[in-house]
Amino acid sequence: MSESVIILPGERVPAEHVNLKLGPGLLQITRSTEPETNEDKPKPFIISTKAGELNHSANMSKWWVDNNSRRYIPAPQESVVGVVVQRLGESYRVDIGSAHYASLDMLAFEGATKRNRPNLKVCIRSIFSILWTVLYHLLSEVGSLIYARVSLAHKDMEPELECFDAQTRKAEGFGELKGGFVVRCSLKMCRNLLDPKHFLLPMIGTRVPFNAAVGLNGRVWVNAKEVKQVIAVTRCIEAVDLDGSGMTQDEVKKFLNALDI
């Protein structure tokens, strides 16, 4: 990845590639140079929709704007951690922390058929009012956690999710997350955790055996054999996050040495 640059909303981005994929903060606009004629083909161009650091992959096929935000805007091909909140016919509605719930088809799982479909728990939120404006009771039940991939994201449509890899049609780690704990952090922290060069997860892995699913929507699922190990991993993630203490690598080492794990 090349050195990132600061970009402001409305600025054009020189993103060109045969298999171009745009991430958060970028928008492709198609506009004809001469609307009166139908001979000229529209020339699309890319602009930034938010301020932050402009980044791209090594082959310049993936572009995105990175900033320290907690509001998630769905983008295609991104992995997310969500909570099932409702069942509608042949699909589920999933809370992924965006402005709208995402849709997850019951057949969007590896090996799923109409006779063999996953049975996910639904987070029920219902209000029974007495005298309507005076008393109310809130009943809640925690829904199933899932690790999914955004298959469709458009500003005018509800995002759609899939729990398998688009190329192999295999789960590849996607699906229901059982047990464990979900820690919330900034979107930038999640992108840092997915970077193989970031120090945190490899450092913790040398001390604590654990499983993790990092969602680009500001949620990280952590699971380990013992509860104190789960707490240690989540505390480290929160401490390194810029919204938290912003610990450095040396400070995390001292923190892990002080823990009884």
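Residues numbered from 1 in each chain as written. Predicted model: local features only at pLDDT ≥ 70, side-chain atom pairs only at ≥ 80, totals over all residues. Heavy atoms only, no water.

Some points on the environment of V18
Going by this rule: Elements are defined by DSSP. Helices are runs of H or I of four residues or more, strands are runs of E of two residues or more, and each kind is numbered from the N terminus.
Within the element layout of this structure, V18 appears in the loop between strand 2 (12–13) and strand 3 (21–22). V18 sits 43 residues away from S61 along the chain, and the two C-alpha atoms are 7.6 Å apart.

Looking at the confidence of the model for the protein
Our working definition: pLDDT is a residue-level measure of predictor confidence that goes from 0 to 100. Throughout, a contact is declared for two residues whenever any of their heavy atoms are within 4.5 Å.
When pLDDT is averaged along the protein, the result is 82; 86% of the residues meet or exceed 70. Taken as a whole, residues 126–141 scores under 50 in pLDDT and shows 19 contacts with residues more than four places along the chain or in a different chain.

Considerations on the pattern of salt bridges
Going by this rule: One speaks of a salt bridge when a side-chain nitrogen belonging to Lys or Arg is within 4 Å of a carboxyl oxygen belonging to Asp or Glu. Using a 1.4 Å probe on the protein chains alone, a residue whose accessible area is under 20% of its type maximum counts as buried, one over 50% counts as exposed, and one in between counts as partly exposed.
Taken as a whole, this structure holds five salt bridges when the rule is applied. A salt bridge links R219 to D95; the shortest N-O distance between them is 3.6 Å. Here R219 is found in strand 18 (residues 219–224), whereas its partner D95 is found in strand 9 (residues 91–95), with 124 residues between them in sequence. On the basis of relative accessibility, which here comes to 4%, the residue R219 falls in the buried class. As a salt-bridge pair, E226 and K228 come within 3.8 Å of each other at their nearest N and O atoms.

Re the sheet that holds strand 3
Defined as follows: Strand pairing is assigned whenever DSSP identifies at least 2 bridges connecting the two strands.
Spatially, 1-6-7-3 is the arrangement adopted by the four strands of the open sheet, whose pairing is mixed. Looking at strand neighbours, the two that pair on one side only are strand 1 (5–7) and strand 3, the edges of this open sheet. Pairing of strand 6 (residues 52–56) with strand 7 (residues 62–66), which is carried by four bridges, proceeds in the antiparallel orientation. What sits directly across from L54, in strand 7, is V65.

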